[in-house]
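Inside the fold
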Amino acid sequence: MIKQIMLMRRMVMTARNMKASCLFSTMKGRNESVINNSSTIKEKVDCVVIGAGVVGLAIARQLSVKNGRDVLVLEAASTFGTGTSSRNSEVVHAGIYYPTNSLKARFCVRGREMLYGYCKEHEIPYKKIGKLIVATGSSEIPKLNVLMNQGLQNGVDGLKMMESCEAKILEPELQCVKALLSSASGIVDTHSLMLSLLGEAETHGTSFSYNTIVTGGYLKENHIHLHISGTKDLENWDGRSSLHPELILIPRLVVNAAGLSAPVLAKRFSGINCRAIPGSYYARGSYFTLTNIKAPPFKRLIYPIPEDGGLGVHVTLDLNGQVKFGPDVEWIDGIDDIASFLNKFNYSVCADRANQFYSEIKKYYPDLKDGSLEPSYAGIRPKLSGPGQGSVDFVIQGEETHGTPGLVNLLGIESPGLTSSMAIAEYIAARFLK
Ligand SMILES: Cc1cc2nc3c(=O)[nH]c(=O)nc-3n(C[C@H](O)[C@H](O)[C@H](O)COP(=O)(O)OP(=O)(O)OC[C@H]3O[C@@H](n4cnc5c(N)ncnc54)[C@H](O)[C@@H]3O)c2cc1C
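This is a predicted model, so every value here is computed, not measured. (Residues numbered from 1 in each chain as written. Predicted model: local features only at pLDDT ≥ 70, side-chain atom pairs only at ≥ 80, totals over all residues. Heavy atoms only, no water.)

Time to look at the pairing of strand E12 (residues 247-256). With nine of 10 residues buried, E12 lies mostly within the body of the structure. In this sheet, E12 lies alongside strand E1 (residues 41-50) in parallel orientation, the contact comprising nine bridges. For Ile 41, the partnering residue across the bridge sits in E12 and is Leu 247. Alignment of strand E11 (residues 223-230) against E12, held across three bridges, turns out to be antiparallel. (Buried < 20%, exposed > 50% of the residue type's maximum accessible area, 1.4 Å probe, protein only. Helix = DSSP H or I, 4+ residues; strand = E, 2+ residues; numbered from the N terminus. Pairing = 2+ DSSP bridges.)

Shown next, in the form of structure tokens:
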């Protein structure tokens, strides 16, 4: 067994030297006979991060660069950032919408500062273009006032309430009765951000193992044991035979940053207090691109008053000046655990949804031409509450909540998760590294 562990350790070291490595296939390829002839290989490691989305990457960077820890990132897909992190609005939120002192409010405000600072330092494309939240009828004005007060309480600076004529000077195409300007809001190139976080983490010794899925685990002698399988094996799994892990990792700390799959994965750790794990709900958000335009109609982000489940069909601009509208809210059913780890969610955009978009958008952009919207892409929000149940805060759980030492679950990391990512990472290190 010691020989096996030494071999595994060497492979971890090898993987560390391989860019975009696949630790699992490396281990499997070299160790076939060991795996077949004896019980599953076990390997002790320092920190494991499950999921290489923007949150997992920020955590890996924090733990390795800032805290000098030995980190292994396990990612089911063949590369980083293919989940929700590449299917969002790429907006750096100011921190207006969330209840005072909630994790969303705190992380969004702190994360925004950290993100802008990081982007500046690392030359990641971003623009603080500002945003207008608009009331399109007088009945919405009280809601705008509530948002302004909430933002001020959350410590958001650069907020200004505007009359319709002032807003129209900034954005001539805009129709509204009042608007709340947030000059701290902006946009960021998420892919460049993730690439930079990954590069820094890797330079500081973090290993990345793609095509590698954590299917569950158990607690033994007060240490969490993770079941690891190759993505290919799960793709070929018949769904009836029992799933044998091909490797067991025993980390000191494991952060479950599996995004949409995080709650279902948490429930697969045997011995965990399942009642502490909230139920999962999923809300797809579709985007439509504005076509046949000479120039973007807006220079800033334009948001309506938030709706149940989302922030409303808004105008987002990317750094190339392309205009998108979305995301709407469409509650969808969950899928089974393994399909979820394989990211088999339905991301298709139904062209018919455009009908609803036109009426929503024309409330604040009356000149929108019929036939100008084309289906673009969709993202799915990892929700912890269902339709009509109101918004729920991010959930970050350690042993005191779920009873499993060494395990941290990040649940319901929906918007503003991108903006908050670096603040979440900072918090994880401060709270869970001993
Ligand atoms: C439509 C939409 C718009 C949004 N707009 C914004 C915005 O403008 N601004 C903002 O701040 N936030 C926004 N968000 C939120 C933001 O995108 C997310 O909070 C953030 O991307 C979450 O990152 P993550 O790393 O937690 O999850 P993900 O990016 O989903 O990463 C999780 C990773 O875990 C992997 N994984 C899953 N299961 C396993 C397993 N068992 N083993 C190994 N790996 C596994 C997945 O393959 C995936 O790569 C938006 C979200 C949506 C859906």
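Next comes the rest of the description.
Summing up the model confidence of the protein chain, the mean pLDDT is 91 and the portion of residues at 70 or higher is 91%. Low pLDDT, under 50, characterises residues 13-22; the stretch is placed with 18 contacts to residues that sit more than four places away or in other chains. Low pLDDT (under 50) marks residues 24-37, which in the prediction has 25 contacts with non-local residues, meaning those over four places away or in another chain. (pLDDT = per-residue confidence, 0-100. Contact = heavy atoms within 4.5 Å.)

Our next topic: the packing of aromatic side chains. Throughout the structure, instances matching the rule amount to nine aromatic pairs. When the centroid spacing of 5.1 Å and the interplanar angle of 65 degrees are considered together, the rings of Phe 107 and Tyr 427 count as edge-to-face. In this pair, Phe 107 is assigned in helix H4 (residues 103-122) and Tyr 427 in helix H13 (residues 417-432), connecting sequence segments 320 residues apart. A relative accessible area of 4% means that Phe 107 is categorised as buried. Measuring from ring centre to ring centre gives 5.4 Å for Tyr 282 and Phe 345, while their planes differ by 45 degrees; the resulting arrangement is tilted. Residue Tyr 282 is found in strand E14 (residues 281-290), and its partner Phe 345 is found in the loop between helix H10 (337-341) and helix H11 (354-362); the two are separated by 63 residues along the sequence. Phe 345 matches Tyr 282 in its accessibility class, with the two residues each being buried. One aromatic cluster is present, formed by Phe 298, Phe 325 and Tyr 365 through successive ring pairs. Across the ring face of Tyr 287, the terminal group of Lys 324 is positioned such that the distance to the ring centre comes to 5.8 Å. (Phe/Tyr/Trp six-rings, centres within 6.5 Å; stacked < 30°, edge-to-face > 60°. Lys NZ or Arg CZ within 6 Å of the ring centre and 35° of its normal.)

Core analysis: the largest hydrophobic core is formed by 50 residues, its most contacted members being Leu 174, Phe 325, Ile 361, Tyr 364 and Leu 373. Leu 174 has contacts with Leu 132, Val 134, Ala 167, Lys 168, Phe 298, Ile 302 and Tyr 364, leaving out every residue within four places of it along the chain. Ranked by size, the runner-up nonpolar core spans 47 residues in total, among them Cys 47, Leu 103, Ile 413 and Ala 423. (Core = buried A, V, L, I, M, F, W, Y, C linked by side-chain atoms within 4.5 Å.)

Take the sheet that holds strand E3 (residues 91-92) next. Taken in spatial order, the three strands of this open sheet run E3-E8-E4, and their pairing is antiparallel. The sheet terminates laterally at E3 and strand E4 (126-127), the two strands that pair on one side only. Bridging between E3 and strand E8 (residues 186-188) involves two bridges; their strand directions are antiparallel. Across the sheet, residue Val 92 finds its bridge partner in E8, namely Gly 186.

Bringing the pairing of strand E2 (residues 71-74) into the picture now. Here E2 shows a buried face lined by Val 71 and Val 73 and a second buried face lined by Leu 72 and Leu 74. In this sheet, strand E9 (residues 207-209) lies alongside E2 in parallel orientation, the contact comprising three bridges. Looking at E9, one finds that Val 73 is bridged to Phe 208.

A word on the packing of H4 against helix H7 (residues 190-203). It is the contact of H4 with H7, at a shortest axis distance of 11 Å, that shows an interaxial angle of 75 degrees. When the interaxial angle is binned, H4 and H7 end up roughly perpendicular. Contacts between H4 and H7 involve Leu 115, Tyr 118 and His 122 from the former and Leu 193, Ser 196, Leu 197 and Glu 200 from the latter. Here the residues of the contact of H4 with H7 sort into four nonpolar, two polar and one charged. (Axes fitted to C-alpha atoms, helices over the stretch in contact; angles between N-to-C directions. Parallel < 35°, antiparallel > 145°, perpendicular 65-115°, else oblique. Nonpolar A, V, L, I, M, F, W, Y, C, P; charged D, E, K, R; others polar.)

With that settled, consider H11. Considered for burial, the residues of H11 that qualify are Ala 354, Phe 357, Tyr 358 and Ile 361. Looking down the long axis of H11, one finds its buried residues gathered within 100 degrees of arc, a one-sided arrangement. Looking at the packing, one finds that the buried side of H11 touches E14, strand E17 (323-326) and strand E19 (373-383). (Arc of directions from axis to C-beta.)

The first and last C-alpha atoms of helix H3 (residues 54-66) sit 17 Å apart over 13 residues, in line with the 18 Å expected at 1.5 Å per residue. In terms of residue burial, H3 counts as a mostly covered element, since 11 of its 13 residues are buried. (Expected span 1.5 Å × (residues − 1).)

With that settled, the discussion passes to the site of the ligand. Around the ligand there are 38 residues in total, and Glu 75, Ser 85, Val 91, Ile 413 and Thr 419 lie nearest to it. Residue Asn 88 places a side-chain N or O atom 3.0 Å away from an oxygen atom belonging to the ligand. In this structure, an oxygen atom belonging to the ligand sits 3.2 Å away from a main-chain N or O atom of Leu 418. With the chains in place, 97% of the 1,000 Å² that the ligand exposes on its own is no longer accessible. (Near = heavy atom within 4 Å. Polar contact = N/O pair within 3.5 Å; in protein donor to acceptor, adjacent residues only side chain to side chain. Areas by Shrake-Rupley, 256 points an atom, 1.4 Å probe, with all protein chains shown as cover.)

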